[in-house]
Amino acid sequence: MRVLIVEDEPYLAEAVRDGLRLEAIAADIAGDGDTALEMLSVNAYDIAVLDRDIPGPSGDEIAKRIIASGSGMPILMLTAADRIDDKASGFGLGADDYLTKPFELRELVLRLRALDRRRAHNRPPVREIAGLRLDPFRREVYRDGRYVALTRKQFAVLEVLVAAEGGVVSAEELLERAWDENADPFTNAVRITVSALRKRLGEPWTIATVPGVGYRIDTASGTGRAGGDRG
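Residues numbered from 1 in each chain as written. Predicted model: local features only at pLDDT ≥ 70, side-chain atom pairs only at ≥ 80, totals over all residues. Heavy atoms only, no water.

With that out of the way, let us pick up the sheet that holds strand β5 (residues 97-100). The strand order across the open sheet formed by five strands is β2-β1-β3-β4-β5, and the pairing between neighbours is parallel. Strand pairing shows two members of the sheet lacking a second neighbour, β2 (26-30) and β5, which therefore form its edges. Averaged over all adjacent pairs, the angle separating strand axes in this sheet is 20°, with direction ignored. Sheet analysis places strand β1 (residues 2-6) next to strand β3 (residues 47-50), joined by four bridges and oriented parallel. Residue valine 3 lies in a different strand from β3, and its bridge partner there is isoleucine 47. Contacts from helix α3 (residues 59-69) reach β1, β3 and β4 (75-79), with the element oriented near 180° to β4. Sitting on the sheet, helix α5 (residues 105-119) is in contact with β1, β3, β4 and β5, with an inclination near 175° to β5. (Pairing = 2+ DSSP bridges. Helix = DSSP H or I, 4+ residues; strand = E, 2+ residues; numbered from the N terminus. Axes fitted to C-alpha atoms, helices over the stretch in contact; angles between N-to-C directions. Contact = heavy atoms within 4.5 Å.)

Annotation from UniProt places "modified residue: 4-aspartylphosphate" (unreviewed entry) at Asp51. With respect to the helices, strands and loops of the structure, aspartate 51 is situated in the loop between β3 and α3. Since its relative accessible area comes to 4%, aspartate 51 is described here as buried. Discounting residues that sit within four places of it in the chain, aspartate 51 has contacts with Val6, Glu7, Asp8, Gly59, Leu78, Thr79 and Lys101. A polar side-chain atom of aspartate 51 sits 3.3 Å from the main-chain amide nitrogen of aspartate 53. (UniProt positions renumbered as here; feature names shortened; annotations may be inferred. Buried < 20%, exposed > 50% of the residue type's maximum accessible area, 1.4 Å probe, protein only. Polar contact = N/O pair within 3.5 Å; in protein donor to acceptor, adjacent residues only side chain to side chain.)

Let us now look at the pairing of β3. In β3, alternate side chains face the same way, and those of Ile47 and Val49 on one face and Ala48 and Leu50 on the other are all buried. In this structure, β3 lies alongside β4, joined through three bridges in parallel fashion. Each bridged residue has a counterpart across the sheet, and for leucine 50 the counterpart in β4 is methionine 77. Chirality of the crossover, the property in question, places the unit of β3, α3 and β4 among those that are right-handed. (Right-handed = clockwise from strand over helix to strand, strands pointing away.)

Here the focus is the packing of aromatic side chains. One pass over the structure, following the stated rule, counts one aromatic pair. Residues tyrosine 142 and tyrosine 147 carry aromatic rings whose centres are separated by 5.6 Å and whose planes lie at 65° to one another, so their mutual orientation is edge-to-face. Look at tyrosine 147 and you get partly exposed, because its relative accessible area is 46%. (Phe/Tyr/Trp six-rings, centres within 6.5 Å; stacked < 30°, edge-to-face > 60°.)

Along the chain, lysine 101 turns up in the loop between β5 and α5. Exposure remark for lysine 101: the relative accessible area of 18% places this residue in the buried category. A polar contact is formed between the side chain of lysine 101 and the side chain of glutamate 7, at a distance of 2.8 Å. Polar contacts involving the side chain of lysine 101 include one to the side chain of aspartate 51, which spans 3.2 Å.

What follows concerns the nonpolar core. Core analysis: the largest hydrophobic core is formed by 25 residues, its most contacted members being Val157, Leu158, Leu161, Leu174, Leu201, Ile207 and Ile217. At the level of elements, β7 (132-135), α6 (152-163), α7 (171-178), α8 (189-201) and β11 (214-217) are the ones that each hand at least two residues to this core. A per-element tally of this core places α6 first, with seven residues. Apart from the residues within four sequence positions on either side, leucine 161 is in contact with Gly166, Val169, Leu174, Ile207, Tyr215, Arg216 and Ile217. (Core = buried A, V, L, I, M, F, W, Y, C linked by side-chain atoms within 4.5 Å.)

Taken together, the buried positions of α7 are occupied by Leu174, Leu175, Arg177 and Ala178. Residues of α7 that are buried sit in contact with β1, β2, α6, α8 and β11.

The description of two packed helices rests on the angle between their axes and on the distance between the axes. Between helix α1 (residues 10-22) and α5, whose axes approach to 10 Å, the crossing angle comes to 60°. The crossing of α1 and α5 is right-handed. In this structure, α1 contributes Val16, Gly19 and Leu20 to the contact, and α5 contributes Leu105, Leu108, Val109 and Leu112. Residue classes in the contact of α1 with α5 are distributed as six nonpolar, one polar and no charged. (Left-handed = near helix turned anticlockwise from the far one by under 90°. Nonpolar A, V, L, I, M, F, W, Y, C, P; charged D, E, K, R; others polar.)

What follows concerns the environment of glutamate 172. Looking at the secondary structure, you find glutamate 172 in helix α7. Residue class for glutamate 172 comes out exposed when judged on its relative accessible area of 59%. Considered as a pair, glutamate 172 and glycine 214 are 42 residues apart in the sequence and their alpha carbons are 8.4 Å apart.

Here's what the structure looks like:
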């Protein structure tokens, strides 16, 4: 999951971003409305977390733009305005949820995951492919009925690969979806994470490397060794 945090209080925004990263949720920060609109135009986000009172176009205006785009991106209003009228106006704009400051990071995480599940309500909550069973709600993975313990980042990478249903996912896309915009595009983190994930899942290798292109879940029985363990 990748979210955009639109918040003009830098310390709060950075604390939220860092906390979300620990929960395997990639997060980018926009400190004003103009930056937020620019980032929304060039990046793919699953959820927008909007402070209503920000410099430039307000959070309300950004919400209107998101709704008008027809993207269906869920919106969570994050603001100090806690009156019922304020909440009513926020929901009236099309917000999907509303969280007032101060708040517990854990509650934000739970709300984001709930919004993500609603966003993907047309997909099965549990994904199964090539002997893998991935439960995004319980954050559990099984390989041929055997539980596989993964790190948060390994789970995030596997979630992207499983969602592709055997399609090839480039290293750049994995970096974008499982990390965030601050990730070094020349990092070898993707290769290292995929290699470790492949070993965790065990043989025969279920993650195939497509040389020069990316990675995919190998759906062909007995050919999971494709791409070897070269990451």
